[in-house]
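Fold and geometry: a report
Residues per chain are reported as follows:
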2 protein chains.
Amino acid sequence: MTRNVRTHAVVVLGCGLMGAAVARTLARTGTSVAAWNRTHSKAVALADDGVTAIADIHEAVRAAPLIIAVTADYEALWSNIAGATGWQGATLVNLATGTPDEADRMHARITAMGARYLDGMAACYPEGIGSPEAFLSYAGSPEAWAEYSGVLRRLGGQTHHVAADPRVSMLMSVWYSAFYVPALAAYVEAVGFAADQGISREDIDTLTPLLIDLVGHAAPEISAAVTTGEHATDQATIDTFYDGSVPVLNVMHDAGHHARMYSAALASMSAARELGLGDQGYSALATCGISRPVD
Amino acid sequence: MTRNVRTHAVVVLGCGLMGAAVARTLARTGTSVAAWNRTHSKAVALADDGVTAIADIHEAVRAAPLIIAVTADYEALWSNIAGATGWQGATLVNLATGTPDEADRMHARITAMGARYLDGMAACYPEGIGSPEAFLSYAGSPEAWAEYSGVLRRLGGQTHHVAADPRVSMLMSVWYSAFYVPALAAYVEAVGFAADQGISREDIDTLTPLLIDLVGHAAPEISAAVTTGEHATDQATIDTFYDGSVPVLNVMHDAGHHARMYSAALASMSAARELGLGDQGYSALATCGISRPVD
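About the criteria used
- Residues numbered from 1 in each chain as written.
- Chains lettered and ligands numbered in written order.
- Predicted model: local features only at pLDDT ≥ 70, side-chain atom pairs only at ≥ 80, totals over all residues.
- Heavy atoms only, no water.
- UniProt positions renumbered as here; feature names shortened; annotations may be inferred.
- Axes fitted to C-alpha atoms, helices over the stretch in contact; angles between N-to-C directions.
- Helix = DSSP H or I, 4+ residues; strand = E, 2+ residues; numbered from the N terminus.
- Parallel < 35°, antiparallel > 145°, perpendicular 65-115°, else oblique.
- Left-handed = near helix turned anticlockwise from the far one by under 90°.
- Contact = heavy atoms within 4.5 Å.
- Nonpolar A, V, L, I, M, F, W, Y, C, P; charged D, E, K, R; others polar.
- Core = buried A, V, L, I, M, F, W, Y, C linked by side-chain atoms within 4.5 Å.
- Buried < 20%, exposed > 50% of the residue type's maximum accessible area, 1.4 Å probe, protein only.
- Pairing = 2+ DSSP bridges.
- Right-handed = clockwise from strand over helix to strand, strands pointing away.
- Buried area = accessible area lost by both parts, 1.4 Å probe.
- Salt bridge = Lys/Arg side-chain N within 4 Å of Asp/Glu carboxyl O.
- Least-squares fit on C-alpha atoms with pLDDT ≥ 70 in both.

In the nomenclature of an unreviewed UniProt entry, chain A corresponds to NAD(P)-dependent oxidoreductase from the organism Streptomyces antnestii. The Sequence similarities (unreviewed entry) field of the UniProt record for chain A holds the comment "Belongs to the HIBADH-related family."

Below, the discussion takes up the packing of helix α10 (residues 260-274) of chain A against helix α10 (residues 260-274) of chain B. Taken N-terminus to C-terminus, the directions of α10(A) and α10(B) make an angle of 150°; their axes are 9 Å apart at the nearest point. In terms of axis orientation, α10(A) runs roughly antiparallel to α10(B). Between α10(A) and α10(B) lies a crossing of right-handed hand. Listed contacts from α10(B) to A:R260, A:M261, A:A264, A:A265, A:A267, A:S268 and A:A271 of α10(A) are B:R260, B:M261, B:A264, B:A265, B:A267, B:S268 and B:A271. Residues that form the contact of α10(A) with α10(B) fall into these classes: 10 nonpolar, 2 polar and 2 charged.

Moving on: the nonpolar core. Counting 177 residues, the largest nonpolar core has A:L13, A:W175, A:Y282, B:L13 and B:W175 as the members making the most contacts within it. In this structure, B:A23, B:L26, B:L118 and B:Y148 belong to the second largest nonpolar core, which totals 33 residues.

What follows covers the packing of helix α7 (residues 168-196) of chain A against helix α9 (residues 238-254) of chain B. Put simply, α7(A) and α9(B) touch, their axes get as near as 10 Å, and they point 125° apart. By the angle between their axes, α7(A) is oblique relative to α9(B). For the pair α7(A) and α9(B), the crossing hand works out as left-handed. Mapping the contact onto sequence places A:V174, A:S177, A:A178, A:Y180, A:V181 and A:L184 in α7(A) and B:F241, B:S245, B:V248, B:V251 and B:M252 in α9(B). Looking at side-chain class alone, the contact of α7(A) with α9(B) contains 9 nonpolar, 2 polar and no charged residues.

Time to look at the pairing of strand β7 (residues 135-140) of chain A. All names here are of chain A. The element β7 is extensively covered by neighbouring structure, given that 6 of its 6 residues are classed as buried. By the alternation rule, side chains of β7 split into F135, S137 and A139 and L136, Y138 and G140, which are all buried. Of the pairings in the sheet, the one linking strand β6 (residues 116-123) to β7 comprises 6 bridges and is antiparallel in character. Its bridge partner being in β7, D119 is matched across the sheet by A139. Pairing between β7 and strand β8 (residues 158-163): 5 bridges, direction parallel. From the neighbouring strand, S137 faces β8, where its bridge partner is H160. Note on the crossover from β7 through helix α6 (residues 142-152) to β8: the handedness is right-handed.

Let's shift gears to the interface of chain A and chain B. In this assembly, 92 residues from chain A lie in contact with 92 residues from chain B. Roughly 8400 Å² is buried in total at the junction of chain A and chain B, and carbon and sulfur atoms are behind 78% of that figure. Of all residues in chain A, A:W175, A:F179 and A:R260 give up the largest surface area on contact with chain B, accounting jointly for 9% of the area buried on that side. Across the contact surface, chain A and chain B share 0 salt bridges.

With that out of the way, let us pick up the relation of the copies chain A and chain B. Take chain A, turn it by 180°, move it 0.0 Å along the axis, and it overlays chain B with an RMSD of 0.1 Å. Those values place the two copies in the arrangement expected of a two-fold rotation axis. For chain A, the minimum C-alpha distance to the rotation axis belongs to A:A183 and amounts to 2.2 Å.

Here it is in structure tokens:
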């Protein structure tokens, strides 16, 4: 039987781009770090960074009181650790991306084995891990957070424990993705049109930061309106956006572009107008995006 | 008959939020500014800022060699100025929002009357006019640009003459809108979901700037890929985005949200995958957004 060795302060499970960044960053700050990966060579590759590779998963989960899992998803994590024993007194921090339900289920499984659980999400690229800008949120055991927040804060300057409810971090991950994925698709679509029309890469790159700033400029007003339900505005209404957008879509269509993202925005505006929300602020699009009755 | 008075250096046609900001900003820098508005009181309201109100449009277009029009749209501008005479030697700068075709037509009409034409677009809010960050682009007569770039630069620190072709500024306005409008709709949708799930406004506002930075971080790689047509990546592929996005959409749907923007992004990814582009970078979405054959 594998002994409960606890030879290290932290063990990282999964040494992909993000896992490797986590292990390296902690080792750099003087923490004693072990790492495990299904393909062992990826763990071994971290030796120069002062990380000890462990080949056996049973040994790995016993190697430290703090286990940080950075696998592809929750299923991959569970398939790796389900058979491992010796969890008593350990804390599992899970940085895989999944759903709120998966976070709930993992929380139940881990606590059933006698360990504490923190469900984390990193809103940054692997190269951002350890930087002052890196945003990481954790949900779950307040006791685990109290004990390990010092270590976890080394992974990013903006590190927060958002709730005791283990679902909340993945909920944040969903809304993060709900903005990022379509916003990026809109950028690809817009740049695709611009390049096709002969706008230079230089002009595109000059305008881009200003466009992105405009979104940032509008955001606080939108979050205020959506969280309070007050969508009245003396600035641009949904009707204003709609009237300005129809000719733009025509230009894109005439040039042979599908403009899927732009069409979807216009469809959302149309739905809002049909509900009589045309004279409200753009934020009111949120109230016509819910198919079930809202309290 | 109205005399060709040229009593001022600049005359601004249209005193809405943007036109008023333009007139005020120029007057503040010591330029002699006149202003006209269909509802005369709006022009008169600028008197305290040192702007001379002119009630008659015929008189207004003759009041200065540089005419800056900031009307709601091209049609409104033309309906106001079509009957005016005495354009010889004047320059019309049009800051209304329209389409490349409208810019082309206005250019033809203005030059037929003996004046020079610059088609402008301001990628900023009215309160940003005159600030170092304000981005304005002008397309059209290089001679007019050479003569008036000094005055026009006072409207924004980032002022560019992008092309002699009068269509180009409105083309930039289209791609600007093609990103901004759906990106903002995605933000509304994402925040609508977050608020509905009980995420606090504070947590939303904390995460937002980081999300927006992530888009900015990804943008240069996307513009490089789209303008060069090289979509290979060692980072996230369309398949990676797709696999991560399907569960997110399910969570949003299960919570009763339409998620129109997110669905559109996923539809775009599906189209790209069907074209065999799943192993390319996200930027390759651009190549499946064009319905006509690409050279």
